[in-house]
Amino acid sequence: MLDFAHGFLMRSAVMVPALMIVSIGAWSALRKLQMMRLDEPFDAADMRTWPLAYAMADAAIFGLVFSAIVSALGDGQLTAAVGGGGAALVAIGAVPLLIAKWRR
């Protein structure tokens, strides 16, 4: 349990801020290219309508889920792939569905 907590905290401390900075950069670049649809109402299924705060929260959720999966399974190429896939399923698949259901 102590190894899991240590691994999770160390990975999260590095990944979450890095992913949030990257999401801010990507969001800003897409907004500057006028690809964002911020004048339309928020739609969890359409990333172009996501406000910056939601994009940052989604990046943080991805980092936390990835850190938890990799900490539980151990280091390795396969676990990194499983962690990335699992984190993407949660952050990009499940969270927008939950938000859409909650907003109705």
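Structure's up top.
Described below are features of the structure shown in this document. For clarity, every value in this text was computed on a predicted model and none was experimentally measured. (Residues numbered from 1 in each chain as written. Predicted model: local features only at pLDDT ≥ 70, side-chain atom pairs only at ≥ 80, totals over all residues. Heavy atoms only, no water.)

Let's shift gears to the nonpolar core. The biggest cluster of nonpolar side chains holds seven residues, and these are Trp27, Met36, Ala44, Trp50, Tyr54, Ala55 and Val95. Leave out the neighbours within four places in its chain, and Trp27 touches Met36, Leu38, Trp50, Pro51, Leu52 and Ala55. (Core = buried A, V, L, I, M, F, W, Y, C linked by side-chain atoms within 4.5 Å. Buried < 20%, exposed > 50% of the residue type's maximum accessible area, 1.4 Å probe, protein only. Contact = heavy atoms within 4.5 Å.)

Compared with an ideal rise of 1.5 Å per residue, which puts 22 residues at 32 Å, helix H2 (residues 52–73) spans 32 Å between its outermost C-alpha atoms and is within 8% of the ideal. All of the buried residues in H2 are Tyr54, Ala55, Asp58, Ala59, Ala60, Gly63, Phe66, Ser67, Val70 and Ser71. Downstream of H2 by a residue or two, Gly74 has a phi angle that is positive, lying close to 100 degrees. (Helix = DSSP H or I, 4+ residues; strand = E, 2+ residues; numbered from the N terminus. Expected span 1.5 Å × (residues − 1).)

Moving on, we get to the environment of Leu30. Here Leu30 lies in helix H1 (residues 2–32). Judged by relative accessible area, which is 35%, Leu30 ranks as partly exposed. Considering only alpha carbons, one finds Leu30 and Arg48, 18 residues apart in sequence, at a separation of 8.7 Å.

A rise of 1.5 Å per residue sets the reference length of H1, with its 31 residues, at 45 Å; its end C-alpha atoms lie 45 Å apart and thus fit the reference within 8%. At Ser12, H1 shows its largest kink, close to 30 degrees. Listed as buried for H1 are Gly7, Ser12, Met15, Val16, Ser23 and Trp27. If you follow the buried residues of H1, they end up packed against H2. Within two residues after H1, Gln34 carries a phi angle of roughly 60 degrees, on the positive side. (Bend = angle between axes of the 7 residues up to and from the residue.)

Our next topic: the packing of aromatic side chains. This structure, assessed with the given rule, holds four aromatic pairs. Feature note: the residues Phe42, Trp50 and Tyr54 constitute an aromatic cluster, connected by ring pairs. (Phe/Tyr/Trp six-rings, centres within 6.5 Å; stacked < 30°, edge-to-face > 60°.)

Right, let's talk about the pattern of salt bridges for a bit. Overall, the coordinates contain two salt bridges when judged by the stated rule. For Asp75, the salt bridge goes to Arg11, with nearest N and O atoms at 2.2 Å. Of the two residues, Asp75 sits in the loop between H2 and helix H3 (77–103) while Arg11 sits in helix H1, which places them 64 residues apart along the sequence. (Salt bridge = Lys/Arg side-chain N within 4 Å of Asp/Glu carboxyl O.)

Now for unusual backbone geometry. With a phi angle near 60 degrees, Gln34 is a residue other than glycine that sits in the positive phi range. Residue placement: Gln34 occurs in the loop between H1 and H2.

Turning to the side chain of Ser23, a few remarks are in order. Note that Ser23 resides in helix H1. Exposure remark for Ser23: the relative accessible area of 14% places this residue in the buried category. If we skip the residues at most four places from it in the chain, Ser23 touches Ala55, Met56 and Ala59.

Scope: geometric values only; no functional claims are made or implied.
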